[in-house]
Amino acid sequence: MADHTEEDITSVLHENRLFKPKSEFSKQSHVKSRAAYDRLYKKAEKDPEGFWGELAKSELHWFKPWTKVLDWKPPFAKWFVGGTTNVSFNCLDRHLDGPRKNKAALIWEGESGDSRTLTYQDLHREVSKFANVLKNKGVKKGDRVAIYMPMIPELAIAMLSCARIGATHSIIFGGFSAAALRDRINDAEAKLVVTADGGYRKGGVITLKEKVDEALEAAPSVETMIVVNRTGTEVSMKKGRDFWWHDEMQGASAVCKAAALSSEHPLFILYTSGTTGKPKGVVHTTGGYLLGATITSKWVFDLKEEDTYWCTADIGWVTGHSYIIYGILSNGATSVMYEGVPTYPAPDRFWAIVEKYRVNIFYTAPTAIRALSKLGKEWPKKHDLSSLRLLGTVGEPINPEAWMWYHAVIGGRRCPIVDTWWQTETGAIMITPLPGAIPAKPGSATLPFPGISAEVVNKDGKKVPPNVGGYLVITRPWPSMLRTVWRNPKRYKETYWSDIPGVYFSGDGARRDKDGYFWIMGRVDDVMNISGHRLGTMEIESALVSHPTVAESAVVGAPDEIKGTSVCAFVTLELGQSPSEDLKNKLKSHVVKEIGAIARPDQIRFTDNLPKTRSGKIMRRLLRDIAAGRESVGDTSTLEDYTVLAKLRHDDEA
Ligand code: WTA
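Bear in mind that the values here come from a model prediction, so they are computed numbers and not experimental data.

What counts and what doesn't
Residues numbered from 1 in each chain as written. Predicted model: local features only at pLDDT ≥ 70, side-chain atom pairs only at ≥ 80, totals over all residues. Heavy atoms only, no water. Helix = DSSP H or I, 4+ residues; strand = E, 2+ residues; numbered from the N terminus. Expected span 1.5 Å × (residues − 1). Buried < 20%, exposed > 50% of the residue type's maximum accessible area, 1.4 Å probe, protein only. Pairing = 2+ DSSP bridges. Contact = heavy atoms within 4.5 Å. Axes fitted to C-alpha atoms, helices over the stretch in contact; angles between N-to-C directions. Salt bridge = Lys/Arg side-chain N within 4 Å of Asp/Glu carboxyl O. Near = heavy atom within 4 Å. Polar contact = N/O pair within 3.5 Å; in protein donor to acceptor, adjacent residues only side chain to side chain. Areas by Shrake-Rupley, 256 points an atom, 1.4 Å probe, with all protein chains shown as cover. Phe/Tyr/Trp six-rings, centres within 6.5 Å; stacked < 30°, edge-to-face > 60°. Lys NZ or Arg CZ within 6 Å of the ring centre and 35° of its normal. Domains from an automatic or database assignment. Buried area = accessible area lost by both parts, 1.4 Å probe. Nonpolar A, V, L, I, M, F, W, Y, C, P; charged D, E, K, R; others polar.

Student: Whenever I open this one, helix H5 (residues 120–136) confuses me. Can you help?
Tutor: Counting along an α-helix, one turn takes 3.6 residues, and residues three or four places apart therefore face a common direction. Over its 17 residues, H5 runs 24 Å from end to end, which matches the ideal 24 Å to within 8%, given 1.5 Å per residue. Taking burial as the measure, the 17 residues of H5 include 13 buried ones, the bulk of the element. Where H5 ends, the next residue or the one after it, Gly-138, has phi of about 90 degrees, a positive value.

Student: So what exactly am I meant to see when it comes to the sheet that holds strand S15 (residues 280–285) here?
Tutor: The strands making up a sheet associate through hydrogen bonds between their backbones, and the pairing can be parallel or antiparallel. Spatial ordering of the open sheet is given by S12-S11-S8-S6-S7-S14-S15-S23, a layout of eight strands whose pairing is mixed. The open sheet is flanked by strand S12 (242–244) and strand S23 (484–485), the only strands paired with a single partner. Direction of pairing for strand S8 (residues 192–196) relative to strand S11 (residues 224–228): parallel, over a ladder of five bridges. For Val-193, the partnering residue across the bridge sits in S11 and is Met-225. Packed onto the sheet, helix H7 (residues 178–188) meets strand S6 (144–148), S8 and strand S14 (266–272) and runs at close to 145 degrees relative to S14.

Student: What should I look at first to understand the pattern of salt bridges in this one?
Tutor: Charged atoms that come close allow side chains of opposite charge to pair. In total, this model carries 50 salt bridges according to the counting rule given. A salt bridge links Asp-143 to Lys-191; the shortest N-O distance between them is 3.1 Å. Here the residue Asp-143 occupies a position in the loop between H5 and S6, and Lys-191 occupies one in the loop between H7 and S8, the gap between them amounting to 48 residues. Assigned by exposure class, Asp-143 and Lys-191 land together as buried. Linked through salt bridges whose partners overlap, the residues forming this network are Lys-209, Asp-213, Arg-241 and Asp-242.

Student: Even after reading the chapter, I still don't get the site of the ligand, so can you show me in this structure?
Tutor: Around the ligand, the surrounding shell holds 17 residues, and the nearest of these are Asp-419, Thr-420, Thr-424, Asp-508 and Arg-534. Backbone polar atom of Gly-395 to a nitrogen atom of the ligand: 3.1 Å apart, as the coordinates give it. Contacts to the ligand include Pro-397, whose backbone N or O atom sits 3.4 Å from a nitrogen atom. Relative to its unbound accessible surface of 530 Å², the ligand loses 97% to contact with the protein.

Student: What is the right way to look at the packing of aromatic side chains in this model?
Tutor: Pairs of aromatic rings are described using the distance from one ring centre to the other and the angle between the two planes. Using the criterion set out here, one finds 34 aromatic pairs in the structure. Ring geometry for Phe-173 against Trp-317: centres 4.7 Å apart, planes inclined by 35 degrees, an arrangement best described as tilted. Pair noted here: Phe-173 is in the loop between strand S7 (168–171) and H7 and Trp-317 is in the loop between strand S16 (308–311) and helix H11 (318–330), with a separation of 144 residues, a long-range link. Pair check on accessibility: Phe-173 and Trp-317 agree, each one buried. Ring-pair connections join several aromatic residues into one group, and the members of that group are Trp-72, Phe-76, Trp-478, Tyr-492, Tyr-496, Trp-497 and Tyr-504. Of note, Arg-184 hangs over the ring of Phe-176, and the distance from its end group to the ring centre comes to 4.3 Å. Positioned above the aromatic ring of Tyr-517 is the side chain of Lys-441, whose terminal nitrogen or guanidinium carbon lies 4.4 Å from the ring centre.

Student: Would you explain the domain arrangement of the protein in this entry?
Tutor: Interface extent is often summarised as the accessible area lost during association of the parts. Partitioning the protein into structural domains gives domain 1 (120–254) and domain 2 (527–653). Here the C-alpha centre of domain 2 lies 36 Å away from the C-alpha centre of domain 1. Listed as interface residues are seven residues of domain 1 and, on the opposing side, eight residues of domain 2. Interface area for domain 1 against domain 2, summed over the two sides, is near 470 Å², with a carbon-plus-sulfur share of 55%. The largest share of the area that domain 1 buries against domain 2 comes from Phe-173, Phe-176 and Ser-177, three residues that together contribute 56% of it.

Student: I'm lost on the packing of helix H2 (residues 34–46) against helix H3 (residues 48–59) in this one. Help?
Tutor: Remark: H2 packs on H3, axes separated minimally by 4 Å, with the N-to-C direction vectors making an angle of 115 degrees. Here Leu-40, Lys-43, Ala-44, Glu-45 and Lys-46 of H2 come into contact with H3, specifically with Pro-48, Phe-51 and Glu-54. A per-class count over the contact of H2 with H3 returns four nonpolar, no polar and four charged.

Now the structure itself:
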């Protein structure tokens, strides 16, 4: 845990508005009332294993039933022990026997306006074929496949194909640099990479294959690369290693039985930032993960057979894994997938897509809502948004102002909003209103999902009183929890199960109000949330220090109206180096090269000394104050000096 005090995370927010679900909505929803939620919650509380076991039976298809719901050797959990199942089977095959077989599974929209619809039957055929391609290339159960792709249907096909044969996928967001890609491929020792020549973004082409080529110069585990031709960008194909998707698919058989996999078989690894320079490979397994993704999709989004559902996340993040693909397809619903940015070719692109496909359920990030609301309501007003019946948010706290705009302008004051708190590690939504049951308060994620026992505690694990800030923890294992950090159980234990005794520590601060509602206050560790994307301060610091001119650096987040947090880097240069605007730009580009554009520092501030405590620890709290403009150093020349402030702070704290 970082140098935060409890006052730091005590909220100053006071939001009293209450938005009750409309009775027409409640009547038709899966969980219809507060009383129904309370019953589910209490039932799960009394007998968690019974609760989850029953759902696993009713919501999923098993080849062989489990013999034990939970094997809990803290902090290591196994769910549905002895059972065998397959995620691809649950998302595809089981829908082929009835009327869903010709229903749209994926409706895809390219950035340039091209569109493709894959029915369940179509998707099943493509997935079976690509699963055979993987097999033909020597990929076996348990092998890792890295996926580095734009938001195109082949990405969905690739991940479901891995799941079908028991290959563990590791999807790397297309915005990461070649260096970041290489590190992730090497950590997972991937055998095969699936990519595309490029993808469309903001009207231009981003290259991908080129970056994979660069990464593979130092990634010896990779034997094969499969390349989708998306943009027609010229690429060089290495003989014997690189193959075109369309060539391989041409001759592939469309018959590939879904493998019967143990419930604990690793489905995917997803790298996420932590408090060290090295991202963690969060491991999710099969049965428990799918149950979490499936039941939350159904109850939180109130998914119905006739719904068209759209989540705007990128599949490179956990939200896309659970709520574009696995949880949504497992329910046999229709998922819209969009390749591009919200503002291309104009700021109404999201609303145009909602109108075009008559989207009923829309799930996005607060940062997108804030950015789009700034552009004015004339953009959404140009479109018929009357198909919408439910809205959701994820990724960061939503400020009440943005919530109200979403509610009034997008939801026409008729749609419930689900503010869903969860993490890469939790696999599925943990704290959220159930839309027909729980009145919303703008800015609050409200109450835990049934079966999830969340609490706000102090450092000793003691529950804090209402409206006092503390640490957000989960006190019991849950089916979709991460199982470990890839090949690093020690880090798993230390990161999540050590700071506060006996419970899972999320890294977030929170408070509960007198109604028991959760108000998430953001990270209390050295992880930032930039536009809803997680980035470790240490990761950016190591990138900066790897530049020859930099001696030392400290990165902190600063409040930002649109992005939530912006990246502020304090940099001390090597002796003999002089600060300049040009060097600032060079350092920014260097971070982009090392990590990716998402990590580009918004500000670089040169200082000849970083403020430190007597024991040599960087005083991040002081830097956060400076970055936020709460503390002035008086001198705004290129080279700042914080030693005076640090000294004052010392005397204060001594
Ligand atoms: C933050 C994204 C407030 C939180 C699914 C968490 C939120 C981190 C919310 C996980 C929310 C996510 N309200 N904060 N509704 N949802 N967060 O792993 O700090 O990319 O720890 O998973 O995002 O980010 P991750």
